[in-house]
Structures are given as C-alpha cells and as structure tokens.
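Observations on the model geometry
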Amino acid sequence: MPKKLAILGSTGSIGTQTLDVAAAHPDEFEVAALAAGSNLPVMIQQIEKFRPALVSVATPSLAAELKERFGGTLQVEVGEAGLHAVATYSEAEIVVTAVVGAMGLRPTIAAIEAGKDIALANKETLVAAGHLVTDLAARHGSRILPVDSEHSAIFQCIHGTNQKDVAKILLTASGGAFRDKSRKEMAAASRADALAHPNWSMGAKITIDSATLMNKGLEVIEAHWLFGLPYEQIEVLIHPQSIIHSMVEFRDRSVLAQLGTPDMRIPIQYALSYPNRLESSWPSLDLLSVGTLTFRKPDLVRFPILGLAYEAGKAGGSMPAVLNAANEAAVDLFLREKIGFLDIERILMQVMEQHTSIHHPTLDDIAAVDQWAREAARRLGKS
C-alpha cells in the first residue's frame with residue numbers, strides 16, 4: 001500500500017518538490033492532504049493532479065473558491081485550524097512540515113501528538129521549541145526525519161552507529177549570495193542581490209538566511225536537538241560547491257561524508273522512504289565535472305549572525321525562539337525594502353540584548369516571546 005502523505009506548505013519550494021517525489025513514485029506515495037497559503041492557482045493544479053481528500057488555505061474567500069470549483073468532492077479548511085486539520089488528518093502516516101517560520105511549530109506538535117512521523121523541513125520548529133518537540137516525539141513514538149540536505153546527510157552518515165562514537169559533525173554551507181563580498185558591498189546590496197543564490201533553488205526567506213548565514217546558524221541549533229550533541233561538537237565549514245552536504249567525524253578519526261547534486265528532491269525522497277532507498281531519475285553526481293571541492297572557515301567578522309546563533313543556542317531557554325522571531329521580522333523588513341541588508345544583524349543583536357531568557361519555556365512562553373521579539377524587531381527597523 002502507498003504511504004499516505006500530508007504536506008504543510010504544499011505550494012512552496014519544499015512542498016512542490018515533495019510532490020515531484022510523490023509523482024515520480026505513485027506506487028509508493030499517495031497525497032492525502034495539502035495545506036497552502038494564498039497561492040490558489042498552484043493549489044488548484046495540485047488538487048487536480050493529486051486528488052487529496054483534504055486541503056487548507058489561508059482565507060475563507062480562497063476556501064470558497066475551492067469549494068465552488070470542486071464541489072463536495074473536497075474537504076476545505078481555513079487558516080490555523082486548517083493547518084491543524086491537515087497535520088492531524090487520520091489517513092496520513094507522515095506529515096511533511098514545509099511551512100516557513102515559527103508558524104510551523106503548533107501544527108508539527110499537533111501531528112506528533114496524533115502519532116504521525118514528521119518529515120521535518122521547518123527548522124524553526126526545533127530552534128524555537130526543541131526541548132518540547134523532542135520530548136513529545138519520544139513520548140508519542142513519532143520519528144523526526146530530517147529533510148534539510150545537511151541534516152539528512154548527518155542522519156545518513158550516523159545510521160547504524162553509536163552516538164558515543166561521534167566526535168563532531170561538520171555542517172557544510174554554500175556561503176550564500178555574499179560569500180565573497182566585503183562588508184562594504186553587503187551594505188549596498190539590494191534585495192535582488194541577496195536573492196541570487198549561487199547553488200540552490202529555495203524560497204525567499206531561506207535564501208536571505210543563506211546570505212546572512214542565519215540559515216546555517218538555525219541548522220546548528222536544529223542539529224543540537226536532532227542528534228543530541230553539544231554545540232562544541234557542531235562545526236560549520238564553507239563549501240562553495242554544495243556537493244558534500246555534511247560530514248561526521250568519529251572518535252577513531254574516521255570521517256564519513258554524504259555527497260550529491262544540490263537537488264532537494266534527494267533528501268526529501270530519503271525522508272519519505274526511510275529506511276528504504278528508492279530508484280531515482282534525478283541527475284547523478286558527476287565528480288569529474290565538479291573537479292574540485294574546497295572548504296574554508298566561516299568569517300564571523302563578515303557574517304556575525306552565525307556567531308549570534310551559537311550564542312543563542314548555548315544560552316538555551318527562550319533565547320533561540322527570540323533569535324528566530326526577530327530574524328523572521330527583520331528578513332521580512334529587508335524583503336519589503338524597509339531596511340538594508342546589514343540592518344538585519346543590527347536588529348538581531350539589539351533584540352537579543354533586550355531579552356532575559358526563560359530557562360525552560362512552555363509553549364505559551366514561546367508564543368509570548370516570539371510575539372515580543374517580532375514587535376521589538378519592527379520597532380528597531382524604524383530607527
């Protein structure tokens with residue numbers, strides 16, 4: 001029987017590529033439920049192609065359009081309640097969490113409480129509430145299967161090994177659009193400049209995060225929760241070719257690496273099919289054409305946000321949630337051309353300085369500090 005999927009964020013980059021995987025393997029996967037935002041034309045195409053039983057959209061007006069078009073053949077839900085309905089849909093076995101930002105936290109928790117396995121592409125869920133999410137997953141028997149290419153690589157490298165044998169993990173980073181730019185050049189950078197990622201096709205928010213190295217910072221915190229390692233055992237390497245997706249060094253000094261073309265469908269497919277591997281029609285890695293693989297340390301003077309992420313992770317408590325929320329607000333301001341590129345880091349530093357971390361925050365605590373940090377970031381964006 002095909003594995004039944006629910007996808008949160010179906011019209012985004014990860015969501016559409018997840019559906020590419022489902023379309024390539026119709027005998028393995030069935031799309032049971034989809035949740036999207038406001039991209040109705042793409043959602044309509046997805047419904048017509050995959051025939052889910054349940055969908056969710058952002059607003060009642062969009063829902064009304066879908067009901068008029070598809071009649072009684074489709075259950076349509078709206079907003080946060082719709083996300084929850086898709087995340088907990090009884091027929092779904094695995095929930096792909098591909099919504100962007102902290103809004104993915106509550107539906108992911110709901111899916112875990114419903115006993116679903118989670119194909120996790122929403123890194124902010126573990127950044128903001130890693131202690132809650134990992135505890136719930138253990139209690140409900142839900143597997144958290146990483147979709148991010150870096151965490152998928154680590155997951156594959158440590159499969160079948162003992163955690164005590166892991167000396168450190170090495171997260172690789174492309175370096176983003178500004179990896180070879182000076183601070184002066186970054187200060188003058190436009191929205192279009194920052195969105196011109198050299199290797200990956202991703203959504204706008206994650207592409208900006210890649211340019212600031214915040215994406216890697218969030219992945220450091222996510223790796224801490226996924227793999228149970230202290231921050232001292234999590235390192236970042238700039239690897240411009242994006243061929244080695246991450247590495248694990250073991251205590252005998254052996255190093256295992258996972259390589260592949262920069263194509264998100266590969267880690268998505270592995271998360272969905274785990275522990276099996278399916279035949280793929282995606283392009284093979286041609287190392288002869290790649291030629292050279294290079295590495296360097298991240299420059300924390302040019303990219304101080306990566307250092308801020310380590311600071312937030314080590315502080316623990318509510319500080320990572322504050323960092324994440326302030327970043328989402330600051331990136332939104334930049335994408336709307338209200339602030340400059342380097343203002344993002346200024347805002348994050350100032351918001352973190354203003355926050356006193358709550359040691360073991362509840363979900364309500366996290367929601368409260370998330371809202372506070374967004375408001376603080378927006379105020380600072382006006383200064």
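Quick summary incoming for the structure in this document. In this text the structure is predicted, and so the values were computed from the model without any measurement.

1. Thoughts on the overall build of the protein chain
- The number of helices and strands found in the protein chain is 17 helices and 11 strands.
- Along the first, second and third principal axes, the C-alpha atoms of the protein chain reach 60 × 50 × 40 Å.
- Looking at the protein chain as a whole, 57% of its 383 residues are labelled buried.
- Summarising the internal contacts of the protein chain: among those between residues at least 6 apart in sequence, 69% fall at separations of at least 24.
- Of note, the protein chain has its 35 positive side-chain charges centred 3 Å away from the centre of its 43 negative side-chain charges.

2. A word on the side chain of Asn-122
- As for its placement among the helices and strands, Asn-122 is situated in the loop between β6 (117-120) and α6 (124-140).
- Given a relative accessible area of 0%, Asn-122 falls into the buried group.
- Ignoring sequence-local partners within four residues, the contact set of Asn-122 consists of Thr-97, Val-99, Val-100, Gly-101 and Gly-104.

3. Focus: the sheet that holds strand β10 (residues 244-250)
- Judged by pairing direction, the sheet is mixed, and its 4 strands sit side by side in the order β9-β8-β10-β11 without closing on themselves. Both edges of this open sheet fall to β9 (234-238) and β11 (255-259), since each of them pairs with a single strand only. The average angle at which neighbouring strand axes cross in this sheet is 20°, direction not considered.
- Two elements, strand β8 (residues 166-173) and β10, share 5 bridges in a ladder whose sense is antiparallel. Bridge assignment links Leu-171 to a residue of β10, and that residue is Ser-246.
- Seen against the sheet, helix α11 (residues 214-227) touches β8 and β9 and runs at an angle of roughly 150° to β8.

4. Details of helix α1 (residues 13-24)
- Here α1 contains 12 residues, and its C-alpha end-to-end distance of 17 Å stays within 8% of the 16 Å for a straight helix at 1.5 Å per residue.
- Here α1 has its buried residues at Ile-14, Gly-15, Gln-17, Thr-18, Leu-19, Val-21 and Ala-22.
- Packed against the buried residues of α1 are β1 (3-8), β2 (29-35), α2 (40-50), β5 (94-97) and α12 (265-273).

5. As for the pattern of salt bridges
- Tallied over the full model, the rule gives 24 salt bridges.
- For Asp-180, the salt bridge is made with Arg-296, and the minimal N-O distance between the two is 2.9 Å. A residue pair is termed long-range when its members are at least 10 positions apart, and Asp-180 in the loop between β8 and α8 (183-187) and Arg-296 in the loop between α13 (287-290) and α14 (304-315) qualify at 116 residues.
- When its relative accessible area of 59% is taken as the criterion, Asp-180 is described as exposed.
- According to the relative accessible area criterion, Arg-296 is partly exposed, its value standing at 33%.
- Taken together, the shared-partner salt bridges in this structure form one network comprising Lys-168, Glu-235, Glu-249 and Arg-253.

6. Concerning the packing of helix α7 (residues 149-158) against α11
- It is the contact of α7 with α11, at a shortest axis distance of 10 Å, that shows an interaxial angle of 30°. Put simply, α7 runs roughly parallel to α11. α11 is crossed by α7, and the crossing has right-handed handedness. Two secondary-structure elements touch here, α7 through Glu-150, His-151, Ile-154, Phe-155 and Ile-158 and α11 through Lys-216, Glu-219, Glu-222, Ala-223, Leu-226 and Phe-227.
- Residue composition of the contact of α7 with α11, grouped by class: 6 nonpolar, 1 polar and 4 charged.

Analysis parameters
- Residues numbered from 1 in each chain as written.
- Predicted model: local features only at pLDDT ≥ 70, side-chain atom pairs only at ≥ 80, totals over all residues.
- Heavy atoms only, no water.
- Helix = DSSP H or I, 4+ residues; strand = E, 2+ residues; numbered from the N terminus.
- Buried < 20%, exposed > 50% of the residue type's maximum accessible area, 1.4 Å probe, protein only.
- Contact = heavy atoms within 4.5 Å.
- Lys, Arg positive; Asp, Glu negative; His and termini not counted.
- Charge placed at Lys NZ, Arg CZ, Asp CG, Glu CD.
- Pairing = 2+ DSSP bridges.
- Axes fitted to C-alpha atoms, helices over the stretch in contact; angles between N-to-C directions.
- Expected span 1.5 Å × (residues − 1).
- Salt bridge = Lys/Arg side-chain N within 4 Å of Asp/Glu carboxyl O.
- Parallel < 35°, antiparallel > 145°, perpendicular 65-115°, else oblique.
- Left-handed = near helix turned anticlockwise from the far one by under 90°.
- Nonpolar A, V, L, I, M, F, W, Y, C, P; charged D, E, K, R; others polar.

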